[in-house]
Amino acid sequence: MLIDVKNLDIDIVEKRGMPGAVFKDPEIFDRETKTVFRNGWASVASVQQLKEPGDIIPIKIAGFSLLIMKDARGEIGVFHNVCRHKGAPLIDKPCNKRVVVCPYHRWSFQTNGEFIGAPCFYRDQSKQMPSEEKAGKGLLAVRFAIWWDTIFVNISGEAEPFEEFIRPLNDLLSDYDSQNLNMISSTEYESSSNWKLAVDNFLDGYHVPFVHSQAVTLKAVLKQEDLFLSDDIVGLRLANGASDKPAKTDKPLPHFAGLPEEKTGMQQWFGIFPNTLFFVDPRWMQMILIRPEAADYSTETLSLYTVSKEAASDEYKEQRENLSVVLNEVNRQDIELLDKLQHSRTREAADQGTLVEAWDQVAIGFHKAWLKKI
Ligand SMILES: [Fe+2]
């Protein structure tokens, strides 16, 4: 390991940011897989990505390979993508299956993880496997929770209950009715950057008027407020972020049902530790799920939703499509930036940076949470 993260001076981190090595060192990445991603609540997919019973999405995240499955009854389940015989991977791309069959020795499993059978298990083909033996051969289930259409997993099984983890955000959003989220689009991205740079950038409101000048003005972000909800959840708020913008259409998407008047212009966005980037506008909601695969490589999914029943109708088709175009453009701008940052931010010279009291506190909050967990 190039740096001793245990002995990082927090005063220097607050002043200069994390040393660049934490964004590229493979040993640190390895440690993150064993701590941050194994022990925490990491997001892996969206419920509405799984449309039909039998839909399966394989996910690679921080050293783990998982299957998100919708079973025959329509229930979601999360399992290790590992056969119970000799550990072969079961599924390698999104698909729809009635039965999951291991490509190695044809062991088969239901989409709810139950073991079905293995060819000639006893060689003696007349012998049947007793049900208690079958019961121990099901796919290994992973603890998960669903919140705002997003599937969060806790691989160790030992994190605090998800309801407790998310409570500060639930309390803050108690006026928002999350029952009518309808996915507009779900887009996959890849980035040759460290996952922490993506989180840091999402929590950096300062860059928005410069990198995404089409989306917001500098004047608007001057009113930005920092939100520190817990060790794990930090964010930013623009009280009138949505209402300050000139309307691009005379028929805007309807907002959350029953949203109090003073919140109908509010925009808030949060980093939910470790890898979930959540943005809530009065009229739409966005989740970016980052899946680190190496110290300098991550994939991510940007899922975008309308938030009211009416907004899902044909009447608003054009508005939904326009929104998807704009927000995916913003994300492409960020990824282009992140790929460049990976090269410069990890150099020694970048460790002589100067963070700013007025703008960089929320991202520092994220880095402090990371230090604590690792
Ligand atoms: Fe950005």
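Residues numbered from 1 in each chain as written. Predicted model: local features only at pLDDT ≥ 70, side-chain atom pairs only at ≥ 80, totals over all residues. Heavy atoms only, no water.

Once that is clear, we can look at the coordination of the iron ion. Note on metal sites: the ideal angle is 109.5 degrees for four tetrahedral donors, and 90 or 180 degrees for six octahedral donors. Ligation of the iron ion by protein atoms is provided by His 207 (NE2), His 212 (NE2), Asp 334 (OD) and Asp 334 (OD), these donors lying 2.0 to 2.5 Å from the ion. In this structure, the iron ion is coordinated by four donor atoms arranged in irregular fashion, with angles at the metal of 57 to 154°. Mapping the donors of the iron ion onto the primary sequence gives the spacing H-x4-H-x121-D. Here His 212 is found in the loop between helix 7 (208–211) and helix 8 (218–221), whereas its partner Asp 334 is found in helix 9 (residues 317–344), with 122 residues between them in sequence. (Donors = N, O, S within 2.8 Å, 3.2 Å for Na, K, Ca; no water. Tetrahedral: all angles 85-135°; square planar, octahedral: opposite > 155°, others 65-115°. Helix = DSSP H or I, 4+ residues; strand = E, 2+ residues; numbered from the N terminus.)

With that settled, the discussion passes to unusual backbone geometry. Cis geometry is adopted by the peptide bond preceding Pro 274, which originates at Phe 273 and carries an omega value of 0°. Located in the positive-phi region is Arg 123, a residue other than glycine, with phi close to 65°. Structurally, the position occupied by Arg 123 is in the loop between strand 8 (115–117) and helix 4 (131–135). Residue Trp 148 is not a glycine yet carries a positive backbone phi of 45°.

A word on the domain arrangement of the protein. Domain parsing of the protein yields domain 1 (50–144) and domain 2 (161–373). Taken together, the contact between domain 1 and domain 2 spans five residues of the former and six residues of the latter. Regarding the contact of domain 1 and domain 2, the summed buried area is about 420 Å², with carbon and sulfur atoms giving 58% of it. At the boundary of domain 1 with domain 2, the tally comes to zero salt bridges. Summed over the shared surface of domain 1 and domain 2, the result is one residue pair in polar contact (both at pLDDT 80 or more). Ranked by the residues each element gives to the side of domain 1 that touches domain 2, the list is headed by strand 2 (residues 55–61), at three residues. Of the residues in the side of domain 1 that touches domain 2, the class split is three nonpolar, no polar and two charged. (Domains from an automatic or database assignment. Contact = heavy atoms within 4.5 Å. Buried area = accessible area lost by both parts, 1.4 Å probe. Salt bridge = Lys/Arg side-chain N within 4 Å of Asp/Glu carboxyl O. Polar contact = N/O pair within 3.5 Å; in protein donor to acceptor, adjacent residues only side chain to side chain. Nonpolar A, V, L, I, M, F, W, Y, C, P; charged D, E, K, R; others polar.)

Let's shift gears to the sheet that holds strand 8. The strand order across the open sheet formed by three strands is 6-7-8, and the pairing between neighbours is antiparallel. In this open sheet, the two strands that pair with only one neighbour each are strand 6 (99–101) and strand 8. Across the sheet, the mean angle from the axis of one strand to that of its neighbour is 35°, orientation sign disregarded. Across two bridges, the pairing between strand 7 (residues 108–110) and strand 8 is antiparallel. By the bridge assignment, Phe 109 is partnered in strand 8 with Phe 115. (Pairing = 2+ DSSP bridges. Axes fitted to C-alpha atoms, helices over the stretch in contact; angles between N-to-C directions.)

Our focus in this paragraph is the pattern of salt bridges. Across all of its chains, the model carries 13 salt bridges by this definition. Residue Asp 175 pairs with Lys 263 through a salt bridge whose shortest N-O separation is 2.5 Å. A residue pair is termed long-range when its members are at least 10 positions apart, and Asp 175 in the loop between helix 5 (162–172) and strand 11 (182–191) and Lys 263 in the loop between strand 13 (233–238) and strand 14 (267–272) qualify at 88 residues. Lys 263 sits in the buried class, given a relative accessible area of 17%. For Arg 291, the salt bridge goes to Glu 188, with nearest N and O atoms at 2.9 Å. (Buried < 20%, exposed > 50% of the residue type's maximum accessible area, 1.4 Å probe, protein only.)

Here we take up the packing of helix 6 (residues 195–202) against helix 10 (residues 361–373). Helix 10 packs onto helix 6 with a crossing angle of 145° between their chain directions and a minimal axis gap of 8 Å. Considering only the axes of helix 6 and helix 10, their crossing is right-handed. From helix 6, Trp 195, Lys 196, Val 199 and Asp 200 reach across to helix 10, where they touch Ala 363, Phe 366, His 367 and Trp 370. For the contact of helix 6 with helix 10, the class distribution of residues is five nonpolar, one polar and two charged. (Left-handed = near helix turned anticlockwise from the far one by under 90°.)

It is worth spelling out the nonpolar core at this point. Ranked by size, the top nonpolar core spans 61 residues in total, and within it Leu 66, Ile 68, Ile 151 and Trp 370 carry the most contacts. With six residues, helix 10 is the single largest residue contributor to this core. Split by domain, this core shows at least three residues from each of two domains, domain 1 (50–144) and domain 2 (161–373). Not counting residues within four places of it along the chain, the set of residues in contact with Leu 66 comprises Val 44, Ile 57, Pro 58, Ile 59, Ile 61, Val 78, Phe 79, His 80, Asn 81, Val 142, Val 153 and Ile 155. Grouped together as the second largest cluster of nonpolar side chains are 28 residues, Ala 145, Ile 166, Leu 181 and Val 307 included. (Core = buried A, V, L, I, M, F, W, Y, C linked by side-chain atoms within 4.5 Å.)

Attention now moves to the pairing of strand 16 (residues 284–294). Of all 11 residues that make up strand 16, nine are buried, and the element is covered over most of its length. Pairing of strand 15 (residues 276–280) with strand 16 involves five bridges; the strand directions are antiparallel. Paired with Phe 278 across the two strands is Met 287, which belongs to strand 16. As consecutive antiparallel partners, strand 15 and strand 16 are separated by three residues. Pairing geometry for strand 16 and strand 17 (residues 297–306), over 10 bridges, is antiparallel. Across the sheet, the residue bridging to Ile 290 is Glu 300, located in strand 17.

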